[in-house]
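Topology and contacts: notes
Each chain, written out:
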Amino acid sequence: MGYWLFWIAGGIAILSAFAAITRMNASHALIYLVITLLSIAVIFFLLGAPFAAALEIVIYAGAIVVLFLFVVMMLNLGRRAVERERQWLLPGIWVIPAIMAGALFIVLGIALSGSEHEAVIEGTMVGPKEVGRSLLGPYILGVELAAVLLLAALVGAFHLGRRYIEERREK
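Our subject in this report is the structure included herewith. (Residues numbered from 1 in each chain as written. Predicted model: local features only at pLDDT ≥ 70, side-chain atom pairs only at ≥ 80, totals over all residues. Heavy atoms only, no water.)

Observations concerning the overall build of the protein
- When you go through the protein residue by residue, the secondary structure sums to seven helices and zero strands.
- Secondary structure elements of the protein occur, N-terminal to C-terminal, as α-α-α-α-α-α-α.
- Across the 171 residues that make up the protein, the buried fraction comes to 27%. (Helix = DSSP H or I, 4+ residues; strand = E, 2+ residues; numbered from the N terminus. Buried < 20%, exposed > 50% of the residue type's maximum accessible area, 1.4 Å probe, protein only.)

Here it is as structure tokens:
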């Protein structure tokens, strides 16, 4: 039963990742990136790692995408951007991401309707304690390096955005 749910979530992850890469507009790419991250969270849940799925949603789909959106908003392009935003509000643009997100919610609903403590696909349940021991044990260096990398990206985006805004003011 769980294999076809896995393939649906995997297909949505691949399609939305491809759509995120091919979008010319950063906001549209972020929408598809959120769909990709949600589908990966569904895959984690199907594999018996609900804590990893929750972390995927909270950390990646929440915090990281908000950071990206902050950078996009910081690099506001002025009146032309406002005109583009009006076009983004057209209902036809949101159809494909809405269909993908709806399919993921259906898959997650089917997976949640099954047994509570067993993986939908063969595997063992991974709890928060095991994840914490791994992250703060043998993988602590990787976790700290990722944190420093994200901090450097935030500082770099701030300085690039500030320079861009100052150049626009001079014109």
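Here's the deal with the side chain of Thr36
- Here Thr36 is to be found in helix α2 (residues 26-46).
- Judged by relative accessible area, which is 8%, Thr36 ranks as buried.
- Residues in contact with Thr36, not counting those within four places in the same chain, are Ala13, Ser16 and Ala17. (Contact = heavy atoms within 4.5 Å.)

Focus: the environment of Ile21
- Along the chain, the position of Ile21 falls in helix α1 (residues 2-22).
- C-alpha of Ile21 to C-alpha of Leu33: the two residues are 12 residues apart in sequence and 8.7 Å apart in space.

A short note on a nonpolar patch on the surface
- Together, Leu135, Leu136, Tyr139, Ile140, Leu141, Val143 and Leu145 give the surface a local cluster of nonpolar side chains, amounting to about 680 Å² of exposed area.
- Considering every element that reaches the nonpolar patch, the biggest residue donor is helix α7 (residues 140-170), with four residues. (Patch = residues over 30% accessible without salt bridge, like charges linked within 9 Å, V, L, I, M, F, W, Y side chains within 5 Å. Areas by Shrake-Rupley, 256 points an atom, 1.4 Å probe, with all protein chains shown as cover. Salt bridge = Lys/Arg side-chain N within 4 Å of Asp/Glu carboxyl O.)

Quick notes on the environment of Leu30
- Topologically, Leu30 is positioned in helix α2.
- Sequence-wise, Leu30 and Phe68 are 38 residues apart; in three dimensions their C-alpha atoms are separated by 7.8 Å.
- The contact partners of Leu30, leaving out residues within four places of it in the chain, are Val65, Phe68, Leu69 and Val72.

Overview of the packing of α2 against helix α5 (residues 95-112)
- Running from N to C, α2 and α5 point in directions that differ by 15°, and their axes come no closer than 10 Å. The orientation of α2 with respect to α5, classified from their angle, is roughly parallel. The two elements α2 and α5 meet at a crossing, and its hand is left-handed. Along its contact with α2, which presents Ile31, Tyr32, Ile35, Leu38, Ser39, Val42, Phe45 and Leu46, the element α5 presents Ile96, Pro97, Met100, Ala101, Leu104, Val107, Leu108, Ala111 and Leu112.
- For the contact of α2 with α5, the residue count by class is 16 nonpolar, one polar and no charged. (Axes fitted to C-alpha atoms, helices over the stretch in contact; angles between N-to-C directions. Parallel < 35°, antiparallel > 145°, perpendicular 65-115°, else oblique. Left-handed = near helix turned anticlockwise from the far one by under 90°. Nonpolar A, V, L, I, M, F, W, Y, C, P; charged D, E, K, R; others polar.)

Focus: the nonpolar core
- Counting residues in hydrophobic clusters, the biggest one holds 15 residues, and the most contacted among them are Ile35, Val42, Leu46 and Leu104.
- Of all elements in the fold, only α1, α2 and α5 reach the threshold of two or more residues within this core. (Core = buried A, V, L, I, M, F, W, Y, C linked by side-chain atoms within 4.5 Å.)

Let's talk about the packing of aromatic side chains
- Applying the stated criterion across every chain yields a total of one aromatic pair.
- Consider the rings of Phe6 and Trp7, whose centres lie 5.9 Å apart with planes at 80°: the pair is edge-to-face. (Phe/Tyr/Trp six-rings, centres within 6.5 Å; stacked < 30°, edge-to-face > 60°.)

Side note on the side chain of Glu56
- With respect to the helices, strands and loops of the structure, Glu56 is situated in helix α3 (residues 50-74).
- If sequence neighbours within four positions are ignored, Glu56 has contacts with Leu37, Ile40, Ala41, Phe44 and Ala61.

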